[in-house]
Amino acid sequence: MTATAEVTLERREVVPLRRTAAGLWSDAWYRLRRDRVTMAALAVIVLLILVSLAAPIFEELVFRYKFDQQDLLHAYNPPTLDPIYYIFGADEIGRSQAVRLLYGGRVSLGVGFAAASLQLTIGVGLGLAAGYLRGRIDELVIFVITVLNSIPQIFLLLIVASLFAPGPLPLIGIISVLGWTQITNFVRGQTLSLREREFITAAKTIGATTPRVLFRHLLPNVMPLIIVLAAIDVGTIMLLEAALSFLGLGIQPPIPSWGNMLTNATQYFFRGGHLVVTPGFLIFMTVLCLYLVGDGLRDALDPRLKTH
Amino acid sequence: MRSLKYILRRLLYAIPTLLAISILTFALSRLAPGDPVRLFTFGATDLTQQDIEALRHTYGLDQPAPVQYGDWLWSAVFFDVGRPPSLASQSILYHRPAAGLLFERLGNTLQLALAALLLQLLIGVPLGVIAAFKRGSLTDKFVRIFAVSGHALPTFWLGLMLIYLVSVNLRLLPSQGLLTIGHDQWDIPDRLRHILMPAFVLALAGIANYSRYLRTETLEVISQDFIRTAHAKGLRERTVIVSHAFRNALIPVVTALGGILAVLVSGALIVEQVFTWPGVGQFTYAAVRSKDYPIVMAGVMFASTLLVLSYIIRDIAYSVVDPRIKAS
């Protein structure tokens, strides 16, 4: 990216006056880079993902303590640097909170990202199809959305989660199958206005097939919206996972997730208060950063929408 | 007259939605393990196979699923008038109609939801308007941080933290229930003390939502010409805010209501659980845990009906606030 015009100030600073427009993505990246809050939030997310992925490495090399290793003599050990694996304290059976948080992060972030991508796949597919094809398909999709939106989500999740064993995989499936409506609504709305535009008519005129119009012409145009929705969606799902854990219908111990660690810790409030702090803070931070990234991305991708 | 027609039409449109929800709920409950008769007669050891078959016949459990669904629906709508009740509408644990049990708790849930809604409007709306008028100030920054972080807190965690801080450490407010045991039912101050914390926890996400929404909308409104005119006329700042800007920013308050009501009904379940608030959500959740599926089904229907009705109320309010929107 080069400046098209430059002025030399008195102090001989070179200040770009105007940049060439260089396409949606690099323009967005240019704007995003200057948004310090969003960049910081993005950095936190990337860091959390990397650290969680590297959980076994930390377990072996840094903490030298297995995630399911118990030590009843040190139950509720407060946070300490000696030994290093109790840096965030020990839980009710002397397991290392730090190592469990690392593994819990894998599960929580994994569920969040996996369920969000599934939701997006369903939501974008249906939204594009309903918005572009209209007719019967549209009516059906709208009806299903109306029905699903009329059931308070937690009630529906409650029944379904109580019927199926709540492991990570069923949980991802349940959350995705029940939670795609909002994304579909957004994508459908965009598609409805895009399908009337000239470039779609042009594409159809030169004989583009429906799948080609959908995936080559419409999809790229709703992509910015999808990315913004994705960031926010992952955060929402992580909160949902925590809420379901609280209701005892989330991922079951011994598999650690931030949600069930937090829930579990609330039972030992008075003996091990430190156990409540870390998972709660991590959920809060992750969701907060995801929302901030979503906000920042929206501003960067579509400056016309910038309102904050 | 026209608006009455609109309301009637909206109510009619709600029927297929509620029917679809009832079919979904019924189908899901069929997936639940366990024979209803066995569950219903649990503990009775002197039942023979014939007795069980007879019971199955009495309650229509030997009928095909669509007939059973019809029975259940009939029971749900007409309260078992003049026929043996559908077993699917009877609580296994209480041996009473599930709908009646839930009705007793509906008032408590409504109380909590309305209190939360009130807090959202009373706190969230002014916060947003003030932030917009003092754009870029410290107040504005605070409101924006609050608006994002209010969403990111796990509800139950916030509730438990507040109980720990306010109830256990500071001993300021009670941590659970509707009112102090033994107190008069109409002891209003006592009830207010009990509802304050759960209502706040339930309201937080909405407060954040509203302050954000209102800020955006007010910013848009105050950049328009008629606000400049109002200023130019020499009106006081307060008059401009209250009677010019605020009125126009009110429309999104109603628009946002749909999402917020959904969060209220959904979130109430968790908040009721944290604060042991005897409402529909807490009762339904207890039923899920004890596998009392008739109550679960009725609970889902209750909550959904509540939500559908509040959507209708929102739409009506919408057409009242913004006359430009035709009742179509």
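J.: Lay out the overall build of chain A with the relevant residues and their values.
T.: On a plain count of helices and strands, chain A comes out with twelve helices and two strands. Along its sequence from the N terminus, chain A presents helices and strands in the succession β-β-α-α-α-α-α-α-α-α-α-α-α-α. For chain A, the C-alpha atoms occupy an extent of roughly 75 × 65 × 30 Å along the three principal directions. Counting every position in chain A, which comprises 308 residues, the buried fraction comes to 44%. Of the contacts formed within chain A by residues at least 6 apart in sequence, a portion of 64% connects residues at least 24 apart.

J.: How would you explain the overall build of chain B if you had to name every residue and give the values?
T.: From N to C terminus, chain B includes twelve helices and zero strands. Along chain B, helices (α) and strands (β) appear in the sequence α-α-α-α-α-α-α-α-α-α-α-α when read from the amino end. The buried share of chain B, taken over its 328 residues, is 39%. Here the analysis covers contacts within chain B between residues at least 6 apart in sequence; of these, 71% occur between residues at least 24 apart.

J.: Residues and numbers for the interface of chain A and chain B, please.
T.: Listed as interface residues are 31 residues of chain A and, on the opposing side, 36 residues of chain B. The dominant element in the side of chain A that touches chain B, judged by the number of residues it contributes, is helix α6 (residues 153-163) of chain A, at eight residues. Among the residues forming the side of chain A that touches chain B, the class breakdown is 22 nonpolar, nine polar and no charged.

J.: Talk me through the nonpolar core; I want residue IDs and the actual numbers.
T.: Counting 161 residues, the largest nonpolar core has Phe155, Leu158, Ala243, Val287 and Leu290 of chain A together with Leu202 and Leu264 of chain B as its most contacted members. A domain split of this core shows at least three residues from each of domain 1 (2-78) and domain 2 (100-289) of chain B. Not counting the four nearest positions on each side in its chain, leucine 202 of chain B is found in contact with Leu112, Ala116, Leu264, Gly267, Ala268 and Val271 of chain B.

J.: Before we move on, could you go through the domain arrangement of chain B and cite the residues and values that matter?
T.: Each assigned domain of chain B is listed with its residue range as follows: domain 1 (2-78) and domain 2 (100-289). On a C-alpha basis, the centres of domain 1 of chain B and domain 2 of chain B stand 36 Å from each other.

J.: Before we move on, can you summarise unusual backbone geometry with the specific residues and values?
T.: Phi angles above zero are rare outside glycine, and arginine 134 of chain A is one such case at about 50 degrees. In this fold, arginine 134 of chain A is placed in the loop between α4 (97-133) and α5 (135-150). The backbone phi angle of threonine 276 of chain B is positive, close to 45 degrees, even though this residue is not glycine. Structurally, the position occupied by threonine 276 of chain B is in the loop between α10 (237-274) and α11 (280-289).

J.: Can you break down helix α12 (residues 274-301) of chain A residue by residue, with the values?
T.: With 28 residues, α12 of chain A extends 40 Å from end C-alpha to end C-alpha; this agrees with the ideal 40 Å at 1.5 Å per step. Taking burial as the measure, the 28 residues of α12 of chain A include 23 buried ones, the bulk of the element.

J.: Before we move on, could you go through the environment of histidine 151 of chain B and cite the residues and values that matter?
T.: Inspection of the secondary structure puts histidine 151 of chain B in helix α6 (residues 138-152). Between the alpha carbons of histidine 151 of chain B and glycine 206 of chain B there is a distance of 8.3 Å; along the sequence they are 55 residues apart. Those residues in contact with histidine 151 of chain B that sit more than four places away from it in its chain are Tyr291 of chain A together with Ala205 and Ala208 of chain B.

J.: Pulling in residues and values, what's your account of the environment of threonine 229 of chain B?
T.: All names here are of chain B. Structurally, threonine 229 can be placed in helix α9 (residues 225-232). You can call threonine 229 exposed: it has 12 C-beta atoms within 10 Å. C-alpha of threonine 229 to C-alpha of valine 240: the two residues are eleven residues apart in sequence and 9.9 Å apart in space.

J.: For the environment of aspartate 138 of chain A, give the residues involved together with the corresponding values.
T.: Residues and elements named next belong to chain A. When you line up the elements, aspartate 138 lands in helix α5. Accessibility expressed as a C-beta count within 10 Å gives 17 for aspartate 138, which makes it partly exposed. Sequence separation of aspartate 138 and leucine 126 is twelve residues, and the distance between their C-alpha atoms is 8.7 Å. Excluding residues within four positions of it along the chain, aspartate 138 makes contact with Ala130 and Leu133.

J.: Could you give me a rundown of the confidence of the model for chain A, with the residues and numbers involved?
T.: Should pLDDT be low for a region, the predicted coordinates there are not to be read in detail. All names here are of chain A. Looking at chain A, the pLDDT average stands at 82 and 90% of residues meet or exceed 70. The lowest-confidence element of chain A is strand β1 (residues 3-8), averaging 47 in pLDDT; the highest-confidence one is α4, averaging 91. Counting contacts from residues 1-9, a segment whose pLDDT is below 50, to residues more than four positions away or on other chains yields 18 contacts.

Criteria and thresholds
- Residues numbered from 1 in each chain as written.
- Chains lettered and ligands numbered in written order.
- Predicted model: local features only at pLDDT ≥ 70, side-chain atom pairs only at ≥ 80, totals over all residues.
- Helix = DSSP H or I, 4+ residues; strand = E, 2+ residues; numbered from the N terminus.
- Buried ≥ 20, exposed ≤ 12 C-beta atoms within 10 Å, placed from the backbone.
- Contact = placed C-beta atoms within 7 Å.
- Nonpolar A, V, L, I, M, F, W, Y, C, P; charged D, E, K, R; others polar.
- Core = buried A, V, L, I, M, F, W, Y, C linked by C-beta atoms within 7 Å.
- Domains from an automatic or database assignment.
- Expected span 1.5 Å × (residues − 1).
- pLDDT = per-residue confidence, 0-100.

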